[in-house]
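An overview of the molecular structure
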Amino acid sequence: MDCIFCKILAGEIPCSKVYEDTLFIAFLDINPVHKGHILVVPKRHFVNMLDTPDLEAEAIYKVTRDLSKALIEATGCDGVNLVQNNNAAAGQEVFHSHLHIIPRYENDGLKF
Ligand code: 5GP
Ligand code: ZN
């Protein structure tokens, strides 16, 4: 399957991994909005949140919460945006389900 995140999961393409468990891997986005921008990615291939089954859909928020707290601790950022782009019309570019954790800083001028 021609999926960049499946290739990362298979070890065929390198990534900066920050977390892994039985269901998910999390790694740094190659083109971060801010340093520390994380992608939380189910190990099984789903296109996006719309076809992600209950197991991963429910578990991803607990993992994301814990990673968000660790990210704030590690970077000193002032907040995080949790972003999911579902389908091309919504800006999705990689069609393997994932959730962005984007560090935010007071007055950084960004909008999501
Ligand atoms: P989307 O718009 O699909 O929600 O975002 C996909 C994200 O994946 C983008 O922020 C992009 O920078 C990131 N990305 C695309 N290819 C790679 C890659 O090969 N490695 C990593 N670490 N991130 C990638
Ligand atoms: Zn995939």
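It should be emphasised that the depicted structure is a prediction, and the values quoted were computed from it without experimental measurement.

Our focus in this paragraph is the UniProt feature "active site" (unreviewed entry) in the protein chain. In this structure's numbering, the residues bearing the UniProt feature "active site" (unreviewed entry) are His98. As for its position among the elements, histidine 98 is in the loop between β4 (79–83) and β5 (99–104). The contacts of histidine 98, once residues within four sequence positions are left out, are Phe5, Leu39, Val40 and Val41.

Attention now moves to the pairing of strand β2 (residues 24–28). Pairing analysis gives three bridges linking strand β1 (residues 17–20) to β2, with the strands arranged antiparallel. The partner of glutamate 20 across the bridge, within β2, is isoleucine 25. Where β1 folds back on β2, the antiparallel hairpin that results is connected by three residues. Relative to strand β3 (residues 38–42), β2 runs antiparallel, the two sharing five bridges. Paired with leucine 28 across the two strands is isoleucine 38, which belongs to β3.

Turning our attention to the environment of isoleucine 30. Looking at where isoleucine 30 falls in the secondary structure, it is placed in the loop between β2 and β3. A count of 11 C-beta atoms within 10 Å places isoleucine 30 in the exposed class. Spatially, the C-alpha atoms of isoleucine 30 and arginine 65 are 21 Å apart, while their sequence positions differ by 35 residues.

The end-to-end C-alpha separation of helix α2 (residues 54–75) is 31 Å, in line with the 32 Å expected for 22 residues at 1.5 Å each. In the structure, α2 departs most strongly from a straight axis at isoleucine 60, where the bend amounts to approximately 25°. Turning to α2, its buried residues number three or more, namely Ile60, Thr64, Leu67, Ser68 and Leu71. Turning to α2, the residues buried within the fold contact β1, β2, β3, β4 and β5.

So, on to the confidence of the model for the protein chain. Detailed reading of the predicted model is not advised wherever pLDDT is low. Across the protein chain, pLDDT averages 97, with 100% of residues at or above 70. Both scores are available for the predicted complex, with the pTM at 0.98 and the ipTM at 0.99.

In the neighbourhood of ligand 1, 14 residues make up the surrounding shell, with Ile30, Asn31, Asn85, Glu93 and Val94 lying closest. Considering only residue class, the shell around ligand 1 consists of eight nonpolar, four polar and two charged.

Not every positive phi belongs to a glycine, and asparagine 87 is a case in point at roughly 85°. A count of 12 C-beta atoms within 10 Å places asparagine 87 in the exposed class. For asparagine 107, which is not glycine, the phi dihedral falls at a positive 60°. Position of asparagine 107 relative to the elements: it lies in the segment after β5. Among the residues examined, asparagine 107 registers 7 C-beta atoms within 10 Å and is labelled exposed.

Thresholds applied
Residues numbered from 1 in each chain as written. Chains lettered and ligands numbered in written order. Predicted model: local features only at pLDDT ≥ 70, side-chain atom pairs only at ≥ 80, totals over all residues. UniProt positions renumbered as here; feature names shortened; annotations may be inferred. Helix = DSSP H or I, 4+ residues; strand = E, 2+ residues; numbered from the N terminus. Contact = placed C-beta atoms within 7 Å. Pairing = 2+ DSSP bridges. Buried ≥ 20, exposed ≤ 12 C-beta atoms within 10 Å, placed from the backbone. Expected span 1.5 Å × (residues − 1). Bend = angle between axes of the 7 residues up to and from the residue. pLDDT = per-residue confidence, 0-100. Near = placed C-beta within 6 Å. Nonpolar A, V, L, I, M, F, W, Y, C, P; charged D, E, K, R; others polar.

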